[in-house]
Every structure is written in structure tokens, then in C-alpha cells.
Amino acid sequence: MSSTWGRKFKVSIFGESHGSHIGVGIDGIPAGTPIDVDYIMDQMKRRSPGQDLMSTARKEPDRPNIISGVFEGMATGAPLYMIIENQDKKSRDYSNIKDLARPGHADYSAFVKYKGYNDYRGGGHFSGRITAGLVFAGSIARKILEDRGIYIGSHVRSIKDLKDRRFCLDDMTREVFKQLESKRLGFLDDRLEDKAHDMVVDARKNQDSLGGIIELGLTGLEAGIGDPFFDSLESSISSMMFSIPAVKGLEFGSGFDLASMYGSQANDEFYINEDGNIRTRTNHNGGINGGISNGMPLSLSVALKPTPSIGKLQNTVDFRKGKETCIEVKGRHDPIIIARVRPVLEAGLAIAILDSLMYDNSI
């Protein structure tokens, strides 16, 4: 099982949902990098469970304990390791269904691959709980990027049939990103916040769940970062995004909408702005041409499936006994992960961009 990602900025996640600890190891932080714990905690709090009716009732303070790689507030250049204690565990919720394949989960595929030795409690290592370590690592990467004028933000593009508009170029600013970060869901159209909240509460009451689409933006990245083909900027970002649980789709810029355009519509025409910089008038390609950044803001949208753990009666199989049965998933689960996954996706994007910059020797 490989749980390490990166070429220069390497991130290794470890732990299980109901194990004693979860954590992350980071190799490649430049020596002398300030480790801003307050900044990290602000980002991790956005991901933490138990905040409202839109998240699981499981309460975890997610206080990181840095055990190596930092001295007097600065990265030493040695690998940084951080652990978080799992405090609010209720493993008994899973004892009665340990041999049942929860629909939408990795129970059966993990059982086959790991010959039944995998930790089934709360999904074990497959759980979204493990993403706390990604947010920690991504917060360090994100701070390094921000110190170089590169900023990341996100908003909810849709929840079920409730739709927001896409980012426009005027939205791609540090100020707009900070405003969105302060919102629980984060729509560009504030009128959608209450409607979305009511939809989530209704789904929870009905023992069901919702998915959605999140659009991410990044501004301040210089042109020339990335490579064609296998090390393209899209490839690196996609590899990280699809490593995050529940992600099932990804598009850059106008994405699938490009397929219904003429070339004359889809092409982003170049011009020279008032500062003498080469830019494009539109950004259908999401700031990337030929796998390499072109100096425009990056934009990408991520589709997330509904939380698979729901209380409704569902058909399944007992994979040890080899017979069909039914299942009702008990316990504490998110009726939607959109709010909590935004900082995870932002962290993943920060890690991918920093790794690409370091690989290109730009940092």
C-alpha cells in the first residue's frame, strides 16, 4: 500500500479512522521555512468534524503534535512528522456490519486486495478522516505559496440541482478568496447559502446524503511551470485530486463545455496588458496550455459523490458468507462533505503546485 505522493515536496499519510492516531510525514520543506501553527490551525478547523448539522457529530479537536522537523518555529530541513490523536471513536458502530459491503464504500474491494487484514472500522485507512494530515501538509505548502504571491480559493458550484456561476477573471483575487474562505459552504451568490443549508438538513432528516461540485481557483502562478504529457501540470494536479476520497470527476477551465464549442469560441486569444504582460482575454483552458502554466489564473472543478454512509435500508452482500442481505449503516456520518472537503481540495492543490514549482527549480 503506497500512501506517499510527490517528487520534491513528498507527503506520506498514515493511520486509520478508529486507530490510536493519524498523521503525516513531509519531506522536502526548505530549511528555514517558518511553520505558522496558528495559520495551520485555522485551515484544519475548516475541515474538522462536529461543527454543525451539515457534518458528522463526531467531535475531534484535531490538534497536531509535531514530533520532528521543526526547531524554534522553523523547518530544520529534516523530515517533518505530525500526529493527531483520535479521541472520539465509536468502533462498536461497525462490529455488526464488518462483513457487509457498504454500498459506495471500499469494504469489499479492500477485503479482496488485503485478504481481510485491513482495518474495517470507519473505513480504516480509506476514511476521509485521514485527510486531516493532507490539510496540515497543504497548509505549510499554501503558506509558502502565499509568501510568493500565489493564492488559492474555492467555491461551491453546485449541490444537487442548486447551481452557482463559475469563477470569472474578476473573482480570481486574494480578497474574494478570503471572503469565500470565511463562509461555511462558500457560494459566489450569497442567496444560495440558506437554500443549500435547508437541502442538507432535509437530506439528513431523510437519512440520505448529497454531493456537489467545487470550483478551485489559483492566482499568481507564473507562466512556464509544468511539462507536456506525463508530468503535465494537469496530470500532477489530477493525481492529487483523485487521491482525495469522494472525488469522481475533474475538469480544467471550461472543461466538458469545451466539447460543445467551436474552436473560435474555445481558443483563448492572447494580448499584452497595460503592465506589458502577455495574458489571454478569456480563460477557457484554465490557465494551462500544453501541460504548462500560461500566466493566467488556474481554474478547475471537482465533482464529489454523495456521502455513501446513509441510514436508508440498502441491498448488499455478506462477503464472508457469500450471500445477499440488507444493510442499514448506523453511526455518525456527514450528510454532505462539501463544506469540509473544500480545505482538503485547496490543500491538495497547494501541495501539487508547490511540488511542481520545486520540480522546476522555481523554489
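Residues numbered from 1 in each chain as written. Predicted model: local features only at pLDDT ≥ 70, side-chain atom pairs only at ≥ 80, totals over all residues. Heavy atoms only, no water.

Defined as follows: UniProt positions are given in the numbering used here, feature names are shortened, and annotations may be inferred rather than shown by experiment.
As recorded in an unreviewed UniProt entry, the protein chain goes by Chorismate synthase and comes from Peptostreptococcus anaerobius 653-L. Under Catalytic activity (unreviewed entry), UniProt gives the following word-for-word description of the protein chain: "5-O-(1-carboxyvinyl)-3-phosphoshikimate = chorismate + phosphate".

1. Thoughts on the pairing of strand β18 (residues 323-327)
Convention followed: DSSP calls a pair of strands paired once it identifies at least 2 bridges connecting them. Numbering goes from the N terminus for both helices and strands, where a helix is a DSSP run of H or I of at least four residues and a strand is a run of E of at least two.
Bridge count for strand β17 (residues 314-318) against β18 is five bridges, and the pairing is antiparallel. Counted as the bridge partner of T316 is T325 from β18. Count of turn residues in the β17/β18 antiparallel hairpin: four residues, of which G322 carries a positive phi of about 70°.

2. With respect to the side chain of E251
The condition that has to hold: Partly exposed describes any residue whose relative accessible area lies between the buried limit of under 20% and the exposed limit of over 50%, with all areas from a 1.4 Å probe on protein chains only and scaled to the type maximum. Under the rule applied, a polar contact is a pair of N or O atoms within 3.5 Å (in protein, one hydrogen donor and one hydrogen acceptor; residues adjacent in sequence only if both atoms are side-chain atoms). Note on contacts: a residue pair is in contact if any heavy atoms of the two residues lie within 4.5 Å.
Tracing the backbone shows E251 in strand β11 (residues 247-252). A residue is classified by how much of its surface remains accessible, and E251, at 11% relative accessible area, is buried. Reaching out from E251, the side chain makes a polar contact with the side chain of R157 at a distance of 2.9 Å. Sequence-distant contacts of E251, defined by excluding residues within four places in its chain, comprise R157, R166, F256, S299, L300 and S301.

3. Side note on the packing of helix α7 (residues 233-241) against helix α9 (residues 338-359)
The cut-off we apply is this: Where helices are involved, their axes are fitted lines through C-alpha atoms of the stretch in contact, as for all axes, and angles between N-to-C directions lie from 0 to 180°. Comment on the angle field: the value is read as roughly parallel under 35 degrees, roughly antiparallel over 145, roughly perpendicular from 65 to 115, and oblique elsewhere. The hand of a helix crossing depends on one turn: near helix anticlockwise from the far one by less than a right angle means left-handed, and clockwise means right-handed. The residue classification treats Ala, Val, Leu, Ile, Met, Phe, Trp, Tyr, Cys and Pro as nonpolar and Asp, Glu, Lys and Arg as charged. All others, Gly included, are polar.
Packing of α7 against α9 brings their axes to within 9 Å, and their N-to-C directions diverge by 140°. It follows from the interaxial angle that α7 and α9 lie oblique. Crossing hand, α7 versus α9: right-handed. In this structure, α7 uses L233, S236, I237, M240 and M241 to contact α9, whose residues at the interface are L345, G348, L349, I351, A352, I353 and S356. Taken together, the residues that form the contact of α7 with α9 break down as nine nonpolar, three polar and no charged.

4. Structural notes on the packing of helix α1 (residues 37-47) against helix α4 (residues 131-146)
How two helices sit against one another is set out by the angle between their axes and by the gap between those axes. Running from amino to carboxyl end, α1 crosses α4 at an angle of 135°, the nearest separation of the two axes being 9 Å. As judged from the angle between their axes, α1 and α4 are oblique. As α1 runs across α4, the sense of the crossing is right-handed. Facing Y39, I40, Q43, M44, R46 and R47 of α1, the residues of α4 in contact are T131, A132, V135, F136, S139, I140, R142, K143 and E146.

5. A few points about the pairing of β11
For β11, the tally of buried residues reaches five of six residues, placing the bulk of the element in the interior. As judged from the five bridges shared by β11 and strand β16 (residues 298-304), these two strands associate in the antiparallel manner. Its bridge partner being in β16, E251 is matched across the sheet by S301.

6. Here's the deal with the UniProt feature "binding site: NADP(+)" (unreviewed entry) in the protein chain
UniProt marks R47 with the feature "binding site: NADP(+)" (unreviewed entry), using the numbering shown here. Examined against the element boundaries, R47 turns out to sit in helix α1. Ignoring any residue separated from it by four or fewer positions in sequence, one finds R47 in contact with D62, G128, R129, T131, A132, V135, R340, P343 and V344. Polar side-chain contacts of R47 include one of 2.9 Å to the side chain of D62.

7. Things to note about the sheet that holds β16
Strand order in the open sheet made by the five strands is β9-β8-β10-β16-β11, with antiparallel pairing throughout. The strands lining the two open edges of the sheet, one partner per strand, are β9 (162-163) and β11. On top of the sheet, α9 reaches β8 (151-159), β10 (212-219), β11 and β16; it is set at about 35° to β10, its chief contact.

8. As for the nonpolar core
Heads up, the rule is: We define the nonpolar core as a collection of buried residues of types Ala, Val, Leu, Ile, Met, Phe, Trp, Tyr and Cys that are connected through side-chain atoms lying within 4.5 Å of one another.
In terms of nonpolar packing, the biggest core is built from 70 residues, with I237, L304, L345 and I353 touching the most fellow members. Tallying contributions element by element places α9 first for this core, with 13 residues. Look past the residues within four positions of L304 in its chain and what remains in contact with it is G211, G212, I214, P245, A246, V247, I337, I338, V341 and L345. Residues Y151, M172, V176 and L180 belong to the second largest nonpolar core, which totals seven residues.

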